[in-house]
Structures are given as structure tokens and as C-alpha cells.
Amino acid sequence: MFRGFPTDIKEANDIINNAEKAFDEVGVTHAEARKKYGVLSMYTFDKDTYPKIVTTKHSIRIWSVRLNLKNSKYDGYLWVNYTQEGFDEKGKLQSGSWGVPSLWCLRKINNQWKVVAIKESA
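Computed from a prediction, not measured in an experiment: that's the story for all the values here. Here the residue index of a chain counts from 1 through its sequence in written order. With pLDDT at 70 or above as the cut-off, local features in this predicted model cover only qualifying residues; side-chain atom pairs require 80 or more to be listed or tallied, and sums for whole chains, interfaces and linings still use all residues. The side-chain values count all of the structure's non-hydrogen atoms but skip hydrogen atoms and water molecules.

1. Comments concerning the pattern of salt bridges
One side chain can pair with another of opposite charge once the charged atoms of both are near each other.
Okay, so step 1: When a carboxyl oxygen of Asp or Glu is within 4 Å of a side-chain nitrogen of Lys or Arg, the pair counts as a salt bridge. Counted according to the given criterion, the structure contains three salt bridges.
Okay, so step 2: For Lys36, the salt bridge identified is with Glu25, shortest N-O distance 3.1 Å. Pair noted here: Lys36 is in helix H2 (residues 30-37) and Glu25 is in the loop between helix H1 (6-24) and H2, with a separation of eleven residues, a long-range link.
Okay, so step 3: The partner of Asp75 in a salt bridge is Arg107, with the nearest N and O atoms 3.7 Å apart. Placement of Asp75 in the loop between strand E1 (55-67) and strand E2 (76-87) and of Arg107 in strand E3 (residues 93-109) is noted, with a sequence separation of 32 residues between them.
Okay, so step 4: Classification of Asp75 as partly exposed rests on a relative accessible area of 22%. Only runs of H or I of at least four residues qualify as helices and only runs of E of at least two qualify as strands under DSSP, and these elements are numbered from the N terminus. Relative accessible area decides the class of each residue, using a 1.4 Å probe on protein chains only: under 20% of the type maximum gives buried, over 50% gives exposed, and in between gives partly exposed.

Okay, here's the thing in C-alpha cells:
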């Protein structure tokens, strides 16, 4: 399976490193998360929706990446598979998603890759 060109994979790792911060975020409001992470805010455990969650555990794996596309709605695409869990102060699981395939649509803004849309099956 073609995962992507080596240069694309390197840049995709930078995108993942930024996304990791959103996956780790707990205790902010939904509005704060949206301002800080854009569409990646959907992976935060904001205190409006998840008031009991104080710690998280997650993994994100790159399936495939294509960057610098021409004649496309987006400048690039990144397929990932993630697992995410949120725990309360006693370590009890409060919420989670396991093995979720996700398509991240990318734009290059000010020479930096940004996730601008996310597509997942319902």
C-alpha cells in the first residue's frame, strides 16, 4: 500500500504532532478549544461536554498522505486511524473511540499545513 512520498510523510508527522496537542487537551471550554485547534477541537475533551474527564490516552497512526495537490478542493489529504480514551479522576473510563478511520483535509496557510475539514463515518 502506498503511504505517501517521503517528504509528504515527514510533513504529515508535523501535522500529527500538532494534532497530538488537541487529543491531549482537557478542561478548556468548547469555544477555547475551537479557537486554539480549529476543526481539530473535535478531539479535545472540553469541559462543557466532558466535565468529568481529567486525563486522556490516545494513539494516532498515519495510513496515507498526499500533499501539494493541484486541481483539488484541498491542498492535501491525510488518512489517519486513531484511538482515544478519556478518564475521570479515579481512572474510570468516561468516553472513548477505538480504531476510527478519519480523513483530514488540508490547506497550506502561511507555509504551514492546517487541518481544515475532517470526514469520518457516522
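2. Side note on the layout of surface pockets
Okay, so step 1: Here a cavity means grid points, on a 1 Å grid over the protein atoms only, where a 1.4 Å probe fits yet cannot get out; a pocket means an open set of points with protein on both sides within 12 Å along at least five of seven lines; lining residues are those with an atom within 4 Å of a point. Grid points are joined across faces, edges and corners, and a volume is the space filled by probe spheres set on the points. In this structure, the largest pocket encloses a volume near 350 Å³.
Okay, so step 2: Along the walls of the largest pocket sit 16 residues, with Ile15, Asn18, Gln112, Trp113 and Lys114 positioned nearest its centre.
Okay, so step 3: Mapped onto the lining of the largest pocket, the elements with two or more residues apiece are H1, H2 and strand E4 (112-119).

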